[in-house]
Amino acid sequence: MSEIAQFVRHGAAQITPKILRGVHKKLPFLKMEFTQIDAPKYPHLVEDFAEGAEDDLPYQVVAGSVFALIYAHRQKDLIPDFVPEFGHADESAVVRAVLIEHEKALGDYANRRHLNWAEITIKP
């Protein structure tokens, strides 16, 4: 997982406030794409940060989350999505790397939002 974590850190380091605002504008479209996620049960970290409702989150946590969203949305990735059984493994690894890297800050965020982190976290 260390190579994926490095990949995510590098990608997150490229996320500027301008990129974050662009992703924030596209969130309704991205949510439609990720329809398999029951959105009301999950936090809206990027929206909360971009709209100023969650200023205590470290920018690095938000940047990692934005990178994961961008990576999951892009058409070209490490493993093509059409590959049976493995097509989304890279997206999953990127998201897991963000969750692992920022588990404490994300758990604190979930607590502030009265969400059960155990239902959100990567732990079984």
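Structural data are supplied above this passage.
Because the structure is a prediction, the values reported are computed rather than measured.

Asks: Can you walk me through the nonpolar core in this structure?
Replies: Soluble, globular proteins show a tendency: their nonpolar side chains are buried together. With 26 residues, the main nonpolar core has Leu-45, Leu-57, Val-62, Val-66 and Phe-67 as its most contacted residues. Those elements that provide at least two residues to this core are α1 (2-13), α2 (17-33), α3 (45-50), α4 (59-73), α5 (89-101) and α6 (103-112). Tallying contributions element by element places α4 first for this core, with seven residues. Apart from residues lying up to four places away in sequence, Val-62 is in contact with Leu-20, Leu-45, Phe-49 and Leu-57.

Asks: Teacher, can you tell me more about the pattern of salt bridges here?
Replies: Where charged atoms from two side chains of opposite charge approach closely, those side chains can pair. Using the criterion set out here, one finds five salt bridges in the structure. Taking the shortest distance from any N to any O, the salt bridge between Arg-113 and Glu-54 comes out at 3.4 Å. In this pair, Arg-113 is assigned in the loop between α6 and α7 (117-120) and Glu-54 in the loop between α3 and α4, connecting sequence segments 59 residues apart. Residue Glu-54 is classed as buried on the basis of its relative accessible area of 5%. Salt-bridge contacts for Lys-104 lead to Asp-108; the nearest nitrogen and oxygen are separated by 2.9 Å. One end of the pair, Lys-104, and the other, Asp-108, are both in helix α6, four residues apart, so they sit about a helical turn from each other. In this structure Lys-104 comes out as exposed when scored by relative accessible area, which is 61%. Here Asp-108 falls in the partly exposed class, since its relative accessible area comes to 28%.

Reading the values: rules and limits
Residues numbered from 1 in each chain as written. Predicted model: local features only at pLDDT ≥ 70, side-chain atom pairs only at ≥ 80, totals over all residues. Heavy atoms only, no water. Core = buried A, V, L, I, M, F, W, Y, C linked by side-chain atoms within 4.5 Å. Buried < 20%, exposed > 50% of the residue type's maximum accessible area, 1.4 Å probe, protein only. Helix = DSSP H or I, 4+ residues; strand = E, 2+ residues; numbered from the N terminus. Contact = heavy atoms within 4.5 Å. Salt bridge = Lys/Arg side-chain N within 4 Å of Asp/Glu carboxyl O.

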